[in-house]
Amino acid sequence: MTKWIQFSLKNAGVIFIAILMILAGGLYSVQTMKKEAMPNVDIPYMLVQIPYVGATPEQGLEDVGKPLEAALSGLNKVENLYIESHSNFVMAILEFNMNQKMDDAEKDVTTAVAAVKLPEGTGKPVILKDGPASAPVLMFALAAKGANQSDLTQYVNDRVRPALATVEGVSKVDISGEAEKQLAVTLDQDKMKEKGVTYELVKQAFLSHNFSFPAGQVNVNDKTLNVQADFKLKSVRDAENIEILTQTSNGLQKVKLSEVATVTYSDKKETVYTRLNEEAAVLLELKAQAGENAVEVVRQAKEKLKDLDLPNGYAFTMLYDSSEYVEQSVNSMLREVLLGTLFAVIVTFVFLRNVRATIVAVLSIPLSILAAMITMKYLNYTLNMMTLAGIAVAVGRVIDDSIVVIENIYRRTLTATKRDEHMILTAAKEVGGAVTSSTLTTMAVFGPLSFVPGIIGKFFAPFGITVIVALAFSLIVSLTVVPLLAKLFLLNIPHKEPKEGVLERIYKRAIAWTLQRRVITVLLAVVVFIGSLALVPLIPKNFLPEEKAVMFNLTADLPVGTSLAAANETAQDLEAIIKNENHVENYQTIVEGEKIRISVNLKESVTKEQSTTFEDNVRKELKEISDDIEIAWTPMGMTGGGQFMLIVEGSNKDDLQKAGETIVEKLQHTEGLGNVSTNLSGVKPQLSLEINGEKAAEKGLNPIMVAGFVRGLISGESVTNVQIEGKTTAVNLGFKNEGLQSIDAIAAQTMMNTMGQPVKLSEVATLSEKPGPTALYRLNQQEYVQVTARFTTDNVSGVQEAVNKKLKDIELPEGVTYRSEGQAKAMSEGFQNMAIAMVVAIVLVFIVMLVTFGNMLMPVAILSSLPFLFSGGLLGLYLTKQSLGMPALVGFLMLIGIVVTNAIVLMDRVMQNEKKGMELRTSLLEAGATRLRPILMTALATIGALLPLALSTEGGLISRSLAIVVISGLLTSTLLTLVIVPTTYHIMTSIKQRFSKRPTEIKRSESV
């Protein structure tokens, strides 16, 4: 420490070069650092989705779900494995141990899925990692009034997707609302019967008229040439002119396809409707690669879209732009950093009343912050909400070290008769130990924050590391740059005789009074602390703060069996509700099967109160929708939309279903809880085709021919791909199925056997309606029920307590158990982990103080001030109606370091006085009067720096609740520290002196 000061005083050139390098390097780092909304951390969840078109949930579970379950359950560090089997697809959700690296997990999952033998008809498995990188960085829509969905899709696939694929850093472009054209061949069974044409003959005719393959090699003129054989269908007319050879009583005859079928080039059958503001649209989501600069990716993507020559009437509508959010967050934090710096400057100047000294102290802020930026750039950190919040929080603390050093130098310089480099060195050394100890203790406080387990710990790690790095550089600046600049700027200030100020006189009287009434002082302090604990039940508690929601999701589950047309009508009714509300920017609708999804974007100018009013108004309107429709209305945000989740487990399926229904019924009307529902599947009617193999054989058929006929009759079969209008198009071969409105009508259809003879479907198969589940769910190879809901209040803990009381009154079937997941579990684990982090921080702080002071008394006396930081923090939360959540707990953790810092500065002076031989009471009074100004300056500078964050209306993981806790806790704890710590130390020292005198008195009595 002393060598650092001496080096800086003797090597001004080196220090100034270092300052210039820090300024240049810091500015370069800020400009070149990648920007993203949140740190790209590993979220221990992975999803595997396998399409299985046409499969029922039971078939999907047996054919795909259980084999997939067997392959994935043995993977390393898998905590839970969820399997969901729906109509047309199967999904697996893997929850890994927090220590698992998700890149390694992705490789393991990919290998395991590749080893599963999937049945014919399944699509390519899709494997997705969860986390910030999986979220889209840009969402937009392509729409046009009166445009055809397939034309929009064609433009997207031909022009938009290829353009975006060239953007560096893009990982994926997802499209919703695609509608492709196909070559539809509709066979007329009556004409087929007349011409003696079978389904298989038509299929083979297509394959024989549309092919391309290598025919070998041939030597021509001493050259070896490859022979390519192909025959391509290039238009509807080419398809119509296909000649089919059929055997009749008159011998072999040629039949053109147009004689037995209708060939059209048109849109596929609609299976989904996608709209933007009630107009047909295609929705696109752009995702960036992990670790890429999201702002730069979006900028390049927008330039590519701007360069496209859109057809007349086509227009892009931006739905979500993460770069705007990131830029807004960066600018907001920078604004708060600058405002915080301004407040710190004002506080410093008010106390020192010297421009030069103020400038010297404040220089520590840009130097420390820019040096931290250089380090963060080297560590490959990005500018995101957490690192920027770390900088905003560090601003108030990095100036503290410089304030203590410059205040002591300034005070000594004012009264000194001999001013030289040695005086500067002595003054800096005098507080150097206290500054070093206090900074190390604060760094020790933020250290455990970087190692908090769980997902939230991973998000807070960059925040803690940013603060630690900034504090480390603030210590270096205070012991090198500040003494040098003080030497250059302060040695010539006018001399001033030492004079005790008003604050010092008031404080000395107060501390003298408390030292005379030590018991009363301690009792009053204990009463204040216990009284503040009474506020805990009155403060709402949650995991993360609810931020202003500008995006909402509406999902509606319609009764099973609802047609697409009927679902579309319901969607239009829901759109009307949204349309009539104020502040709506746009809304996107996706109607698919029995599910409707509407995403609503509000105007950016909307306030939090207006957003809440909008949410409540829509919720009231939705209650008037039919009771047969299950509707969920949820705000979307980085921290909003708290999820309640209950996992119900048991071995008996009927008991599980009964327990799930009972729990939902019990929790349905709980205040603060909305959208209570379970994953219990409804019953969906489905047609079962049972083929009689013996009868089929007698009629010249086999089971696969019968099944193929039914598929062709209902949905058709994709037999090959052709090139039409320069585009690859599927050929769908199927039967004319007009009038198939009943089971009897389907069973009465006639197919042709291998000999060209007609056979009714009812002669070889039975078609019947049977109920089946809409979905099946398994957890760790056992069925389970999941109860979900949304917290509609900030007081999550209060709602959870009400839920727990209701659950205790429920008599569940034997063997059925439940456990909490979602926000309740996250909050419980988060609070527990933060409590552990606080204990570890206090232990580390105690160790640092033991090394600093070399005795037990002072560290214990200093720690006596810690309980009172909770008094102020809780009072601040209560008065401002903020919730006690993770940001507030981080604020309490931060307070431990700041409060201890002030106490160390005070007690370091006491220790110096005692070494000089001062009496205990005198040394306490002198230390208090001398160190009162720097303590108040550092406290008020920190409060001023955090004031903009406390007044900010923008949410986030680091929100105003943290700033409010620190400000209110610092106000009370600073005042109490100046009283309680000296009083406690006086009591402990007095007790120690009494015990140390007793042995001496005993020896004297023995000698007599």
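The coordinates are above.
Heads up: these notes are all about the structure in this document. Worth saying up front: this structure is predicted, and the values here are computed from it rather than measured. (Residues numbered from 1 in each chain as written. Predicted model: local features only at pLDDT ≥ 70, side-chain atom pairs only at ≥ 80, totals over all residues. Heavy atoms only, no water.)

## Focus on the overall build of the protein chain
- If you tally the helices and strands in the protein chain, you get 31 helices and 30 strands.
- Looking at the protein chain as a whole, 50% of its 1008 residues are labelled buried.
- Accessible surface, the protein chain: about 47,000 Å² in total, of which carbon and sulfur atoms supply 54%. (Helix = DSSP H or I, 4+ residues; strand = E, 2+ residues; numbered from the N terminus. Buried < 20%, exposed > 50% of the residue type's maximum accessible area, 1.4 Å probe, protein only. Areas by Shrake-Rupley, 256 points an atom, 1.4 Å probe, with all protein chains shown as cover.)

## Focus on the packing of helix α12 (residues 364-378) against helix α15 (residues 455-489)
- Where α12 contacts α15, the two axes come as close as 8 Å, and the packing angle between them is 130 degrees. Taken as axis vectors, α12 and α15 run oblique relative to one another. When you trace α12 past α15, the crossing you get is right-handed. Contacts between α12 and α15 pair Ser-364, Leu-367, Ser-368, Ala-371, Ala-372, Thr-375 and Met-376 from the former with Pro-462, Thr-466, Val-469, Ala-470, Phe-473, Ser-474, Val-477 and Val-481 from the latter. (Axes fitted to C-alpha atoms, helices over the stretch in contact; angles between N-to-C directions. Parallel < 35°, antiparallel > 145°, perpendicular 65-115°, else oblique. Left-handed = near helix turned anticlockwise from the far one by under 90°. Contact = heavy atoms within 4.5 Å.)

## Focus: the packing of aromatic side chains
- In total, this model carries 9 aromatic pairs according to the counting rule given.
- Every member of this aromatic cluster is reached through a ring pair, and the members are Tyr-82, Tyr-777 and Tyr-784. (Phe/Tyr/Trp six-rings, centres within 6.5 Å; stacked < 30°, edge-to-face > 60°.)

## Structural notes on a positive patch on the surface
- Taken together, Arg-353, Lys-496, Lys-499, Arg-505 and Arg-509 make up a surface patch of like positive charges.
- Looking at where Arg-509 falls in the secondary structure, it is placed in helix α16 (residues 502-516). (Patch = residues over 30% accessible without salt bridge, like charges linked within 9 Å, V, L, I, M, F, W, Y side chains within 5 Å. Salt bridge = Lys/Arg side-chain N within 4 Å of Asp/Glu carboxyl O. Lys, Arg positive; Asp, Glu negative; His and termini not counted. Charge placed at Lys NZ, Arg CZ, Asp CG, Glu CD.)

## So, the pairing of strand β13 (residues 272-276)
- Burial runs high along β13: 4 of the 5 residues are buried.
- The sheet contact formed by β13 and strand β17 (residues 584-592) spans 5 bridges and is antiparallel. When the bridges of β17 are listed, Arg-275 appears paired with Thr-589.
- Pairing geometry for β13 and strand β14 (residues 279-288), over 2 bridges, is antiparallel. Residue pairing for β14: Leu-276 is matched across the bridge by Glu-279.
- Between β13 and β14, which follow one another and run antiparallel, lie 2 residues, and Asn-277 among them has a positive phi close to 50 degrees. (Pairing = 2+ DSSP bridges.)

## Describing α16
- Relative to the 21 Å expected for 15 residues at 1.5 Å per residue, α16 spans 22 Å between its end C-alpha atoms, a close match to the ideal helical length.
- Among the residues of α16, Glu-504, Tyr-507, Ile-511, Ala-512, Thr-514 and Leu-515 are the ones counted as buried. Along α16, the residues classed as buried sweep out an arc of 165 degrees about the axis, all on the same side. Across α16 from its buried face, at more than 90 degrees, point the exposed residues Val-502, Arg-509 and Gln-516. (Expected span 1.5 Å × (residues − 1). Arc of directions from axis to C-beta.)

## Description of the pattern of salt bridges
- Evaluated as defined, the whole model comprises 19 salt bridges.
- For Glu-303, the salt bridge is made with Arg-299, and the minimal N-O distance between the two is 2.5 Å. Here the residue Glu-303 and the residue Arg-299 both occupy positions in helix α9 (residues 294-307), the gap between them amounting to 4 residues, near one helical turn.
- Salt bridges sharing common partners tie together Arg-411, Arg-412, Glu-430, Arg-909 and Glu-926.

## Remarks on the nonpolar core
- Within the largest apolar cluster, 149 residues are counted, with the highest numbers of intra-cluster contacts made by Ile-406, Leu-449, Phe-463, Ile-862, Phe-892, Met-907 and Tyr-985.
- Element by element, the count of residues in this core is highest for helix α29 (residues 886-915), at 19 residues.
- Among all residues touching Met-907, those that are not within four sequence positions of it are Phe-853, Met-858, Ile-862, Val-981 and Tyr-985.
- If you look at the next biggest cluster of nonpolar residues, it comprises 37 residues, including Val-202, Ile-244, Leu-701 and Phe-735. (Core = buried A, V, L, I, M, F, W, Y, C linked by side-chain atoms within 4.5 Å.)

## Here's the deal with helix α4 (residues 102-115)
- Under the 1.5 Å per step criterion, the end-to-end length of α4 is 20 Å for 14 residues, consistent within 8% with the ideal 20 Å.
- Those residues of α4 not exposed but buried are Met-102, Ala-105, Val-109, Ala-112 and Val-113. Taken end-on, α4 shows its buried residues confined to a sector of 95 degrees, consistent with a single buried face. Relative to its buried face, α4 has exposed residues pointing more than 90 degrees away, namely Lys-107, Thr-111, Ala-114 and Ala-115.

## Some points on the environment of Ser-73
- By the element assignment, Ser-73 lies in the loop between α3 (57-72) and β2 (78-86).
- For Ser-73, a relative accessible area of 33% puts it in the partly exposed group.
- Considered as a pair, Ser-73 and Gln-781 are 708 residues apart in the sequence and their alpha carbons are 8.5 Å apart.
- Setting aside anything within four residues of it in sequence, one finds Ser-73 in contact with Leu-81 and Gln-781.

## Observations concerning the side chain of Asn-210
- Residue position: Asn-210 is located in the loop between α7 (199-208) and β8 (211-220).
- Here Asn-210 falls in the buried class, since its relative accessible area comes to 7%.
- Beyond its immediate stretch of four places on either side in the chain, Asn-210 contacts Phe-231, Lys-232, Leu-233, Thr-720, Asn-721 and Val-722.

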